[in-house]
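Geometric and topological summary
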Amino acid sequence: MDRAQKERVVDELGQIFESSGVVVVAHYTGLTVAEMQDLRARASAAGSAVRVAKNRLAKIALEGKPCESMSDLLTGMTVLTYSEDPVAAAKVAEDFAKENKKFEILGGAMGENALDRAGVEAVSKMPSREELIATIAGMLGAPASNIAGAIGAPASNIASILSTIEEKAEAA
């Protein structure tokens, strides 16, 4: 790789570190090409991405970035899984690590916060952006249906009272 290519890679990695909601760093020693392709496909389906880069270039790209503290994790054969959604990349990495023992999560960063192995696991258990939106939409819809039920209830109560009064009048 010549100097211009290295500078381009550092710029790309810098953009990744700045714009990503979460970056997960893992060792991938021993993974086959098919397993890496599976990881990339899962990441793509979840709205995240996977990047293998030289640790030295990644450390240069991290300089001055909010997540600079994770540069200590960049040793050995590392792969970066990242996404704008603060949860997607962590979920993909966790799910993949459960099935592939060769994929070892080291930690990562979420904004300025450095994450250790347990931190990545905790982030992966959080609901994703889509799940939160669905939950909020459900909560917003529930009061409306309750209001409609409350408005309709007095009318049905009045109708049942009137029918009871009619029945008593007919019986008398």
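Residues numbered from 1 in each chain as written. Predicted model: local features only at pLDDT ≥ 70, side-chain atom pairs only at ≥ 80, totals over all residues. Heavy atoms only, no water.

Going by an unreviewed UniProt entry, the chain carries the name Large ribosomal subunit protein uL10 and comes from Phaeobacter italicus. Its UniProt record gives the chain a comment under Function (unreviewed entry), which states: "Forms part of the ribosomal stalk, playing a central role in the interaction of the ribosome with GTP-bound translation factors." Recorded in UniProt for the chain, the comment headed Sequence similarities (unreviewed entry) runs: "Belongs to the universal ribosomal protein uL10 family." (UniProt positions renumbered as here; feature names shortened; annotations may be inferred.)

1. So, the overall build of the chain
If you tally the helices and strands in the chain, you get 6 helices and 5 strands. Sorting the 172 residues of the chain into buried and exposed places 37% on the buried side. Pairs at least 24 residues apart make up 79% of the contacts formed inside the chain by residues separated by at least 6 positions. With the model as given, the accessible surface of the chain reaches about 10,200 Å², and the carbon-plus-sulfur share is 57%. (Helix = DSSP H or I, 4+ residues; strand = E, 2+ residues; numbered from the N terminus. Buried < 20%, exposed > 50% of the residue type's maximum accessible area, 1.4 Å probe, protein only. Contact = heavy atoms within 4.5 Å. Areas by Shrake-Rupley, 256 points an atom, 1.4 Å probe, with all protein chains shown as cover.)

2. Looking at a positive patch on the surface
Together, Lys6, Lys54, Arg56 and Lys59 give the surface a local cluster of positive charge. Considering the arrangement of structural elements, one finds Lys59 in helix α3 (residues 55–62). Lys59 gets classed as partly exposed once you look at its relative accessible area, which sits at 34%. (Patch = residues over 30% accessible without salt bridge, like charges linked within 9 Å, V, L, I, M, F, W, Y side chains within 5 Å. Salt bridge = Lys/Arg side-chain N within 4 Å of Asp/Glu carboxyl O. Lys, Arg positive; Asp, Glu negative; His and termini not counted. Charge placed at Lys NZ, Arg CZ, Asp CG, Glu CD.)

3. Brief notes about the sheet that holds strand β1 (residues 22–27)
Think of a sheet as strands paired side by side through backbone hydrogen bonds, with each pair either parallel or antiparallel. Taken in spatial order, the 5 strands make up an open sheet running β2-β3-β1-β4-β5, and their pairing is antiparallel. Looking at the sheet topology across the chains shown, the edges are occupied by β2 (48–52) and β5 (113–115). Pairs of neighbouring strands in the sheet enclose a mean axial angle of 20°, with direction left out of account. Both strand β4 (residues 104–110) and β5 contribute to a ladder of 3 bridges, which runs antiparallel. (Pairing = 2+ DSSP bridges. Axes fitted to C-alpha atoms, helices over the stretch in contact; angles between N-to-C directions.)

4. Examining the packing of helix α2 (residues 33–45) against helix α4 (residues 88–99)
Two elements in contact, α2 and α4, have axes separated by 10 Å at closest approach and are oriented at 150°. With respect to α4, the element α2 is oriented roughly antiparallel. When the axes of α2 and α4 are compared, the crossing they make is right-handed. Along the contact surface, α2 presents Glu35, Asp38, Leu39, Arg42 and Ala43, while α4 presents Val92, Asp95, Phe96 and Glu99. Class assignment for the residues of the contact of α2 with α4 results in 4 nonpolar, no polar and 5 charged. (Parallel < 35°, antiparallel > 145°, perpendicular 65-115°, else oblique. Left-handed = near helix turned anticlockwise from the far one by under 90°. Nonpolar A, V, L, I, M, F, W, Y, C, P; charged D, E, K, R; others polar.)

5. Looking at the packing of aromatic side chains
All told, the structure shown has 1 aromatic pair when counted by the stated rule. Judged by centre distance (5.1 Å) and plane angle (90°), the rings of Phe96 and Phe103 are edge-to-face. Owing to a relative accessible area of 0%, Phe96 belongs among the buried residues under this scheme. A relative accessible area of 3% places Phe103 in the buried class. (Phe/Tyr/Trp six-rings, centres within 6.5 Å; stacked < 30°, edge-to-face > 60°.)

6. Digging into the pairing of β1
Regular strands place their side chains on alternate faces of the sheet. The buried count for β1 comes to 6 of 6 residues, which makes it a mostly enclosed element. Where burial is concerned, the two faces of β1 agree: the one with Val22, Val24 and Ala26 and the one with Val23, Val25 and His27 are both buried. Sheet topology places β1 next to β4; 5 bridges connect them, and they run antiparallel. Looking across to β4, one finds that Val24 is bridged to Gly108.

7. Some thoughts on the nonpolar core
In terms of nonpolar packing, the biggest core is built from 21 residues, with Val24, Met36, Leu39, Val79, Phe103 and Ile105 touching the most fellow members. By residue number, the principal contributor to this core is α4, which donates 6 residues. (Core = buried A, V, L, I, M, F, W, Y, C linked by side-chain atoms within 4.5 Å.)

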